[in-house]
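Structural overview
One-letter residues, chain by chain:
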Amino acid sequence: MPDRRLWASHGGPLVVAFGGNALLPDAGDPGRAERNAAAFAAALTVLLPEDTGVVLVHGNGPQVGRGLLRAEAAHHEVPVDPLDVLVAETQGSIGYLLARSIGDAMRGAGREVAVAPIVTQVVVDPENPAMTRPTKPVGPFYPIEKAATLAAARGWETVEVPGRGVRRVVPSPPPLEVIGIGAILDAARSGAIVIAGGGGGIPVAHGPNGTTYGVEAVIDKDRTGALIATSIDARGFVILTEVDAAYLGFGTAEQRPLLSLTVDEAHQYLDAGEFPEGSMGPKIEACIAYVSATGRGALITSVEGIDRAIAGTAGTRVGP
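Starting from 1, residues in each chain are numbered consecutively following that chain's sequence as written. Local features are withheld for residues below a pLDDT of 70 in this predicted model, meaning they are given only at 70 or higher, and side-chain atom pairs are given and counted only at 80 or more; totals for whole chains, interfaces and linings count all residues. Only hydrogens and water are set aside; all other atoms, that is, all heavy atoms of the structure, feed into the side-chain values.

1. Overview of the pattern of salt bridges
Think of a salt bridge as a Lys or Arg side-chain nitrogen and an Asp or Glu carboxyl oxygen that are within 4 Å of each other. Tallying each qualifying case throughout the model produces nine salt bridges. Between Arg 107 and Asp 104 there is a salt bridge, with its nearest N and O atoms 2.7 Å apart. With Arg 107 and Asp 104 both in helix 4 (residues 83-108), this residue pair falls three residues apart, about one helical turn. With a closest N to O distance of 3.7 Å, Asp 220 and Lys 136 form a salt bridge. Of this pair, Asp 220 sits in the loop between strand 11 (212-214) and helix 7 (221-231) while Lys 136 is found in strand 5 (residues 136-142), placing the two residues 84 residues apart along the sequence. For the pair shown, Asp 220 and Lys 136 are each scored as buried. One network of salt bridges, in which partners are shared, links Lys 221, Asp 222 and Lys 283. A run of H or I in DSSP counts as a helix once it spans at least four residues, and a run of E counts as a strand once it spans at least two, with each numbered from the N terminus. The classification of residues rests on relative accessible area computed with a 1.4 Å probe and restricted to protein chains. Under 20% of the type maximum is buried, over 50% is exposed, and intermediate values are partly exposed.

Laid out in structure tokens, this is it:
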């Protein structure tokens, strides 16, 4: 049985955010994606409360980056789809993969649970300063020299990830509103596993007379996960990523994991630059937002670290 100290016994459905990098590494091996989805589904059987469903928010950094590469490679033949459309496409493809894997895992565990991917629009401000300062990594990692060549040839903005390489970055404004949040909550309360806000949600903005229009951006899925968790008064918020915890001095010989953080400590480490943008920074900020709004705890760990996180020997728990 899950350790209930990971989340409160009251409140709305648990929200779990899951990174696109953890689902599909930069090599883009479809077989690897299938195996990773199956491993995630198995971890979800451990986390799933018995009295309600779960809202799952997945990332799409590698996947939407690959979509951009495909579109740009074929731009002489067909028009390049805007980023909001590419995000919608990844919501469908990743949602399908996760729904199938999770359904199989639940049946294997003797549980019949409905799995419902929901194409989700998320409102952003197209005038937000983040639109002119790209920070969201997408696509594969490149060696420094190749990244510099590609950036010069294609007009990319890039960021170096210590120990990994260089990635392209695109605008990533903060999420303001999840369209259809009531339907997401109703489905999860009924016991379903709801896949929503995939890739951070399809970025849209409000136009005149109640209309909406797409925005060229990729929203950070952790921030959208925190917004959903706050909006539905979730009993807990879990972020599953590639590493088993948040680290101080990550990527250095002195790196050490943080098993617990208060909101104040998290702010201090953010201000000190310990958690960079486009990496652990948005995850810590998302946990701060959720904990500050609800007074309940959040957890950052990896799929492989779930059991140890439940035992208290891995993962980073953020509390009031």
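2. So, the pairing of strand 2 (residues 54-58)
For strand 2, a buried count of five out of five residues is recorded, marking the element as mostly surrounded by other parts of the structure. Judged by which residues are buried, strand 2 turns out to be covered on both faces: Val 54, Leu 56 and His 58 on one side and Val 55 and Val 57 on the other are all buried. In this sheet, strand 2 lies alongside strand 1 (residues 14-18) in parallel orientation, the contact comprising five bridges. Across the sheet, residue Leu 14 finds its bridge partner in strand 2, namely Val 54. Taken together, the three bridges between strand 2 and strand 9 (residues 193-195) define a ladder with parallel strand orientation. Directly across from Val 54, in strand 9, lies its bridge partner Ile 193. The pairing criterion for strands is at least two bridges between them, as found by DSSP.

3. Let's talk about the nonpolar core
One finds Val 15, Val 55, Phe 237 and Ile 284 to be the most contacted residues of the largest nonpolar core, which totals 44 residues. Ranked by residue count, the leading element in this core is helix 9 (residues 280-294), at seven residues. Those residues in contact with Ile 284 that lie beyond four places of it in its chain are Ala 246, Leu 261, Ala 266, Leu 270, Phe 275 and Ile 300. Leu 56, Leu 97, Ala 105 and Val 113 belong to the second largest nonpolar core, which has 31 residues in total. Note on terminology: a nonpolar core comprises buried Ala, Val, Leu, Ile, Met, Phe, Trp, Tyr and Cys residues joined through side-chain atoms within 4.5 Å. Whether two residues are in contact is decided by their heavy atoms: any pair within 4.5 Å suffices.

4. Here's the deal with the sheet that holds strand 8 (residues 177-178)
One key point about sheets: their strands pair by backbone hydrogen bonds, in either a parallel or an antiparallel sense. Pairing is mixed across the open sheet formed by four strands, whose spatial order is 8-4-10-11. Sheet topology places strand 8 and strand 11 at the edges, where each strand pairs with a single neighbour. The pairing of strand 10 (residues 202-206) with strand 11 spans three bridges and is antiparallel. From the neighbouring strand, Val 204 faces strand 11, where its bridge partner is Gly 214. Lines fitted to the C-alpha atoms define the axes, with helices restricted to the stretch that makes contact. Angles between their N-to-C directions range from 0 to 180 degrees. Of the strands in this sheet, strand 10 and strand 11 touch helix 4, which is tilted by about 135° from strand 10.

5. Digging into the side chain of Ser 101
Along the chain, Ser 101 falls in helix 4. With relative accessibility at 9%, the residue Ser 101 sits in the buried group. Sequence-distant contacts of Ser 101, that is, excluding residues within four places in its chain, are made with Glu 34, Ala 37, Ala 38 and Ala 41.

6. Let's talk about the environment of Val 16
Mapped onto the elements, Val 16 comes out in strand 1. Taking the relative accessible area as the measure of exposure, Val 16 reaches 0% and is therefore buried. Sequence separation of Val 16 and Val 57 is 41 residues, and the distance between their C-alpha atoms is 6.2 Å. In this structure Val 16 touches Phe 40, Leu 44, Leu 47, Val 54, Val 55, Leu 56, Val 57, Val 238 and Leu 240, once residues within four positions along its chain are discounted.

7. Looking at the environment of Val 55
Positionally, Val 55 belongs in strand 2. The contacts of Val 55, once residues within four sequence positions are left out, are Leu 14, Val 15, Val 16, Ile 184, Ala 188, Val 194, Ala 196, Ile 228 and Ile 232.

8. Some points on empty space enclosed by the protein
Residues are called lining when one of their atoms sits within 4 Å of a cavity or pocket point, these points coming from a 1 Å grid over the protein atoms alone, where a cavity is a set in which a 1.4 Å probe fits but cannot get out and a pocket is an open set with protein on both sides within 12 Å along at least five of seven lines. Grid points are joined across faces, edges and corners, and a volume is the space filled by probe spheres set on the points. Considering all chains together, one arrives at one cavity of 30 Å³ or more under this definition. Estimated volume of the largest cavity: approximately 40 Å³. The wall of the largest cavity is formed by Gly 65, Leu 69, Val 138, Gly 139, Pro 140, Tyr 142, Trp 156 and Arg 168. Within the residue set of the lining of the largest cavity, elements represented by two or more residues are helix 3 (61-73) and strand 5. Top contributing element to the lining of the largest cavity by residue count: strand 5, with four residues. Under the scheme applied, nonpolar residues are Ala, Val, Leu, Ile, Met, Phe, Trp, Tyr, Cys and Pro; charged residues are Asp, Glu, Lys and Arg; polar residues are all the others, including Gly. Partitioning the lining of the largest cavity into residue classes produces five nonpolar, two polar and one charged.

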